[in-house]
Each structure stands twice: as C-alpha cells, then as structure tokens.
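In case you want the letters, here they are:
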Amino acid sequence: MRRKKSSMKPFAEMTKEELQELRKQLHIQYKEFQGKDLRLDMSRGKPSTEQLDLSMGMMDVLSSKDDLTCDDGTDCRNYGVLDGIKEAQELLADMMEVAPDHIIIYGNSSLNVMYDTVARSMTNGVMGSTPWGKLDKVKFLCPVPGYDRHFAITEYLGIEMVNVPMTPTGPDMDIVEELVANDDTIKGIWCVPKYSNPQGISYSDDTVRRFARLKPAAPDFRIYWDNAYTIHHLYDHDQDHLIEILAECKRAGNPDMVYKFASTSKVSFPGSGIAAIAASQNNLEDIKRQMKIQTIGHDKVNQLRHVRFFGDIHGMVEHMRRHADIMRPKFEAVISILERELGGLGIGTWTNPKGGYFISFDSLDGCAKAIVARCKKAGLVMTGAGATYPYGKDPHDSNIRIAPSYPPLSDLMLAMELFALCVKIVSIDKLLTEMNSQQQGN
C-alpha cells in the first residue's frame, strides 16, 4: 500500500520566516489538543483489553471437578517437579524451537528468570567460575537502542554496561566480536533477537551464526537471548525467521554459551503466564543447584491450565493470529500517520516491523526529551526519552519508543496526530535556534 507523504517541503529547506509562520500555525493546533483534556497512555507495551479477552477461556479449562493429574501421574496440586510438568515443557519447547529436555519452566515472568540468572552469577558464579561479585569489574554489552528492563537489571546489580550500536541486521558484530575476544571482564550481552525492543529488528542468519562462533576471553561469558516475541507476528505470510541459537552454538562447538528466555506473557495473561529458560544440560544442572534451594517447584496448576487451553503449538499459533488481527491495524495506523505527517520533512525516521510490540522513532539530535515532554503537557504519556539506552542516557537524545498495543485504535490515532505535531514544533524550535546561532556567529 502506497501511503501519502506530507505535502510540506523539508524543514531544512525552509527560510527562517517560513519556519516562524509554520510554528505559529502548529501552536494553534497544539493549543486545541491541550483543550481536549486528553488522557492517553503509550508508556509501556501492554496488551490491550481486547487481547486479554482472547485468553478468558483459560479460566474455564480447569474446575474443582477436573482431574489435575498429568500423563505421568504428577498431581499438579502438590509439591515437586522442579523443572516443570512434562506437558508444559513440550508446549514451551515447541514455542522456543528446542527439545523439551533443554527447558526449565518457571513462574509467570521471564524478566524474573533473567534477574535470577544474573544474580546467581554474581553470588555463585557460572558453572564453577569465580562469582562475579568477587571480581573487581564486570561488564555487559548492551545493543542500543534496547530494552530498558534489561538495562535496569545490570545497573541494579552494579554491572558496567557498554553500548553496542544496532544495525538493520542486529548488533554490530564487528564490535561485539572484538570486545568479547579482548576483554575478560565482559561476561554477557543482552539480546532481543526477533522483532527487537524497540526497533522491531530481527537478527540476520549471519548475525546469529557470528554470535554462535564468538571466542570470548571470559569462559563464563553468556549470551542472554531474550526471544520474547518468537511467535508475535503481524502477518501470516510476511514473517521474520530466526536461526535457532542453541543448535547453532552446539554446531559451532560452544554449547554452553547461551541462555534462551521466553514466556507467554503477551500470549496468555501477562500477570499469570508461564516463563522458561532453555540451555545446555551443563547450564541447566548449574541452574537447578540454585533452584533446589530457592523453590520446591513453580505453579503446576497454571502450567496445566496453559496446556489444556492451547493444546499444542498449533493452538498457540492460531491464538496469536487473533492477537495479530488486533495489533496489525494499530501498527499500520502508526506508520500511516507518521508517513502522512512527517514523511519527506527530514525531521524523523522510524522502523516498520513485521511483528513484536514496538516502533522505534528517531528525531533530530537533541529533540527526543523535548518531544516527549511536549506530548505529556498535552495529555499523551510515552516511554521516557533515553529509556532505550543504559543509565537512561541517549547520547544523541533522539530515540523514542512508540508502543501501539494498549490504547484503542481511535485513541492511538489521536495520540499519533499529537505526537507528529510535537515532533514538528520541537524540530522547528531546534532549527530556529541553530539559525539564530549562525546569524550571531556571522
């Protein structure tokens, strides 16, 4: 579908007088938005009410009259089964494209699993290595822009974060390979390999293979492979595909180098889904040593509920098609409004992903915080500018994460009209400031 671009000429080609006149017109529109007393929230990538409604049948698959016994005789009401019931392992293994015996099923949050994994490395080390907490320095590589909650974990635990720029095919692997090979204080890298947060980029085959063939200086280096959006496509016949990282690492002679995470948080209920880690048997045994102390087992009734509701991976994929029917119009509306209002103006670029939960917008340098602040003054709350970088510090102050999922479509369209208006106003302010500086310099 060909979308109409803005009829205005690029802002950089406008005279000072033209920009000043346009700014007056845009401020009138902005005042009109402020007069609407809006309460719009695009701050997080939460599923909408309509998406949550899709899983309500899960509340009916178990009752007090049902047999809560697994095929192997496990009574889900009781203690035990540290790594999850077999049926749940099979379901999540199919979703994660790994063998069931390489899976541990946890509670509802993959973020919790990732925190535990890093924290365990700090206190007890990785497979017999020196605990990170006893080392003078520990570093993590952070592809940017990236997921703020990943960065929050490593910041909280006192781990130094090193930015690695993202490219259209994934992290800049030349930089990753060089840093990992030459610095034994680098112990991990955060990755969202499919429909990444926030850009919606999926790693290329070459990128995945280069990850699997890394030669880290630190023997306890691990790739934290958060495949959060593995089945979160927007289209049936235009989907990104990802090489399976565990198999690729094994093929490359590095079977222990990766932890792979996933959950049903945006498949069933975010507050009560099931999460999993997939890894080599060596890694899983290392993890279980902690788990035996930490818990006697996670919620097996909820695991059984998911299995009975979805049945198998085919049921899960069909369920996600219904999610896509809700998400797709929202993503297309965001892209359409951005192209119509900002296309060709030279004041912003954005991604157009095939799945996931986010669209990444890059403004002119030095404008992101001002854009988000101006949106908030008119009733639109967005993810804070800088959140997609470690320590909240975007060196260019340009990246903004757009989260289309939560608002109703009508609210989303209104929010994007306001967002585009704020981008224009802030961009004009920047250009006029630069013009004034040049005049004073002359």
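Residues numbered from 1 in each chain as written. Predicted model: local features only at pLDDT ≥ 70, side-chain atom pairs only at ≥ 80, totals over all residues. Heavy atoms only, no water.

Per an unreviewed UniProt entry, the protein goes by Aminotransferase class I/classII domain-containing protein and derives from Hungatella hathewayi WAL-18680.

Asks: Tell me what's going on with helix α3 (residues 86–96), and back it up with residues and numbers.
Replies: Of all the eleven residues making up α3, eight are buried; the element is thus mostly covered by neighbouring parts of the structure. When we look at burial in α3, the residues that qualify are Glu87, Ala88, Gln89, Leu91, Leu92, Ala93, Met95 and Met96. On its buried face, α3 is in contact with β2 (103–105), β8 (258–263), β9 (275–278), α10 (300–310) and α11 (313–342). Glutamate 97 sits one or two positions beyond α3 and adopts a positive phi of about 65°. (Buried < 20%, exposed > 50% of the residue type's maximum accessible area, 1.4 Å probe, protein only. Helix = DSSP H or I, 4+ residues; strand = E, 2+ residues; numbered from the N terminus. Contact = heavy atoms within 4.5 Å.)

Asks: Tell me about the environment of alanine 415, residues and numbers included.
Replies: By secondary structure assignment, the location of alanine 415 is in helix α13 (residues 409–441). Taking the C-alpha atoms as reference points, alanine 415 and arginine 39, 376 residues apart in sequence, are found 9.6 Å from one another. Excluding residues within four positions of it along the chain, alanine 415 makes contact with Leu40, Met42 and Leu380.

Asks: Can you explain the pattern of salt bridges? Please cite residues and give values.
Replies: Applying the stated rule across the entire model yields 28 salt bridges. Where arginine 210 meets aspartate 174, a salt bridge forms, and the shortest distance between an N and an O atom there is 2.6 Å. Of this pair, arginine 210 sits in helix α7 (residues 205–212) while aspartate 174 sits in helix α6 (residues 173–182), and the two are 36 residues apart along the sequence. With relative accessibility at 24%, the residue arginine 210 sits in the partly exposed group. Put simply, glutamate 248 and arginine 251 hold a salt bridge, and the shortest N to O gap is 2.5 Å. Of the two residues, glutamate 248 and arginine 251 are both situated in helix α8 (residues 245–251); the distance of three residues between them amounts to about one turn of the helix. Take arginine 251: its relative accessible area is 57%, and that puts it in the exposed class. Connected through salt bridges with shared partners, the residues Asp174, Glu177, Asp206 and Arg210 form a single ionic network. (Salt bridge = Lys/Arg side-chain N within 4 Å of Asp/Glu carboxyl O.)

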